Amino acid sequence: MKIALIGYGKMGQAIDAIATAKGHEIVLRIDANNQHLLEKEHLSQADVAIEFTTPETAYHNVLKCFEAHVPVVSGTTGWLDKLPEVQALCISQEQAFLHATNFSIGVNIFFEVNKKLAALMAGQSQYDVQMEEIHHTHKKDAPSGTALTLAEQVLASVPRKTAWSNDVSSEPAILSIISKRIDPAPGTHTITYTSAIDDITITHTAHSREGFAAGAVIAAVWLQGKTGVFTMRDVLNL
Ligand SMILES: NC(=O)C1=CN([C@@H]2O[C@H](COP(=O)(O)OP(=O)(O)OC[C@H]3O[C@@H](n4cnc5c(N)ncnc54)[C@H](OP(=O)(O)O)[C@@H]3O)[C@@H](O)[C@H]2O)C=CC1
Ligand SMILES: O=C(O)C1=N[C@H](C(=O)O)C[C@H](O)C1
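Residues numbered from 1 in each chain as written. Chains lettered and ligands numbered in written order. Predicted model: local features only at pLDDT ≥ 70, side-chain atom pairs only at ≥ 80, totals over all residues.

1. As for the site of ligand 2
Close contacts around ligand 2 come from Thr77, Thr101, Asn102, His135, Lys139, Ser144, Gly145, Thr146 and Gly187, and that covers them all. Split by residue class, the shell around ligand 2 holds no nonpolar, 8 polar and 1 charged. (Near = placed C-beta within 6 Å. Nonpolar A, V, L, I, M, F, W, Y, C, P; charged D, E, K, R; others polar.)

2. A few points about the sheet that holds strand β1 (residues 2–6)
Strand order across the open sheet formed by 6 strands is β2-β1-β3-β4-β5-β11, with parallel pairing between neighbours. The open sheet has two edge strands, β2 (25–30) and β11 (228–230), and neither has a second partner. On average, each strand axis in the sheet is inclined to that of its neighbour by 20°, with strand direction left out of account. As defined by bridge partners, β1 adjoins strand β3 (residues 48–51) across 4 bridges and the pair is classed as parallel. When the sheet's bridge partners are listed, Ile6 is paired in β3 with Glu51. (Pairing = 2+ DSSP bridges. Helix = DSSP H or I, 4+ residues; strand = E, 2+ residues; numbered from the N terminus. Axes fitted to C-alpha atoms, helices over the stretch in contact; angles between N-to-C directions.)

3. Some words on the nonpolar core
Counting 41 residues, the largest nonpolar core has Ala49, Ile50 and Ala216 as the members making the most contacts within it. Ile50 has contacts with Ile3, Leu5, Ile6, Ile15, Val73, Ala216 and Ala220, leaving out every residue within four places of it along the chain. Core analysis: the second largest hydrophobic core is formed by 15 residues, Val129, Met131, Ala147 and Leu150 among them. (Core = buried A, V, L, I, M, F, W, Y, C linked by C-beta atoms within 7 Å. Buried ≥ 20, exposed ≤ 12 C-beta atoms within 10 Å, placed from the backbone. Contact = placed C-beta atoms within 7 Å.)

4. Some words on the site of ligand 1
The full set close to ligand 1 counts 26 residues, and Gly7, Gly9, Met11, Ala32 and Gly75 are the nearest of them. With 3 residues, the top contributor of residues to the shell around ligand 1 is helix α1 (residues 10–21). For the shell around ligand 1, the residue count by class is 9 nonpolar, 14 polar and 3 charged.

5. Here we look at the domain arrangement of the protein
Taken domain by domain, the protein comprises domain 1 (2–103 + 210–236) and domain 2 (105–205). Each of domain 1 and domain 2 has a C-alpha centre, and these two points are 27 Å apart. With 12 residues of domain 1 at the interface, the matching set in domain 2 holds 11 residues. With 3 residues, the single largest contributor to the side of domain 1 that touches domain 2 is helix α8 (residues 232–236). (Domains from an automatic or database assignment.)

6. So, the pairing of strand β10 (residues 199–205)
Direction of pairing for strand β9 (residues 188–194) relative to β10: antiparallel, over a ladder of 7 bridges. By the bridge assignment for β10, Thr190 is matched with Thr203. Taken together, β9 and the strand that follows it, β10, pair antiparallel across an intervening segment of 4 residues.

7. Some points on the UniProt feature "domain: Dihydrodipicolinate reductase C-terminal" (unreviewed entry) in the protein
When the UniProt feature table is mapped onto this chain, "domain: Dihydrodipicolinate reductase C-terminal" (unreviewed entry) is found at residues 106–236. The annotated region residues 106–236 carries 37% helix and 27% strand content, and the separation between its end C-alpha atoms amounts to 11 Å. (UniProt positions renumbered as here; feature names shortened; annotations may be inferred.)

8. Some points on the UniProt feature "domain: Dihydrodipicolinate reductase N-terminal" (unreviewed entry) in the protein
In the UniProt entry, the feature "domain: Dihydrodipicolinate reductase N-terminal" (unreviewed entry) is given for residues 1–103. Note that residues 1–103 is 35% helix and 21% strand, and that its end C-alpha atoms are spaced 19 Å apart.

9. Re the packing of helix α5 (residues 105–121) against helix α6 (residues 145–157)
One way to put it is that α5 packs onto α6 with a least axis distance of 8 Å and a crossing angle of 25°. In terms of orientation, α5 lies roughly parallel with respect to α6. As α5 runs across α6, the sense of the crossing is right-handed. Across the interface between the two elements, Val107, Phe111, Asn114, Lys115, Ala118 and Ala119 from α5 touch Thr146, Thr149, Leu150, Gln153, Val154 and Ser157 from α6. (Parallel < 35°, antiparallel > 145°, perpendicular 65-115°, else oblique. Left-handed = near helix turned anticlockwise from the far one by under 90°.)

Right, dumping it as structure tokens:
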């Protein structure tokens, strides 16, 4: 498969290593300094684009892939407000777009565990719930995209929580998401239910970026020949 990498930072380089080892060819490596490669004449060499850039640039990059009619896998977080618009465009133009806040298989299983635990806790009002995410100090967005997915899952099932806040809140209806930035943490997410009697805690800890990068390559292969809007849940059939 011929891959265009949009974003050649920590994730772009990790994906390059894994994709190349699996026999794929990286035909474009695009970063902030060679933006002309986002034009159709270049992008159309690729079977798929894999986009890991910044919250400010992801929207533009995905639209450039649509212009070239190249399927796009995006892992950039911090641009959730623009996702519905991109998803609608994808459908109306019969493009292929796959976004996930986290591409690791472990986190996608953790999402399912989180949903199940939240459903079990729905009627157990003696438990409060809060979240913590820990990432490296270069991370631009907070809370992390993964934490927001986890929070949406809790809010969907636990009626005593109606909104989240990125700090410690004393308001019972608020789900607190505490963000810590500590090097070199690749990504740790914890959900804790606390009562006077006991605590229940679930944690996912990434030991490196390998899981995110491998998942993105699996998603790119899976997207070949498809049109529509997808996420990692579709790839893993969860
Ligand atoms: N979904 C998931 O599984 C994961 C998602 N992420 C997310 O992926 C994103 C990238 O993370 P990470 O690789 O660690 O970040 P880095 O800061 O290491 O890399 C970002 C890259 O984007 C490039 N870039 C900036 N502007 C543009 C542009 N307009 N067009 C193309 N490239 C551009 C930068 O280029 P330059 O260096 O020249 O400025 C850099 O190469 C973040 O949003 C992060 O949260 C991260 C890990 C896993
Ligand atoms: O920026 C990162 O590094 C990560 N970003 C994603 C997120 O915001 O959830 C995924 C992973 O946690 C690493």
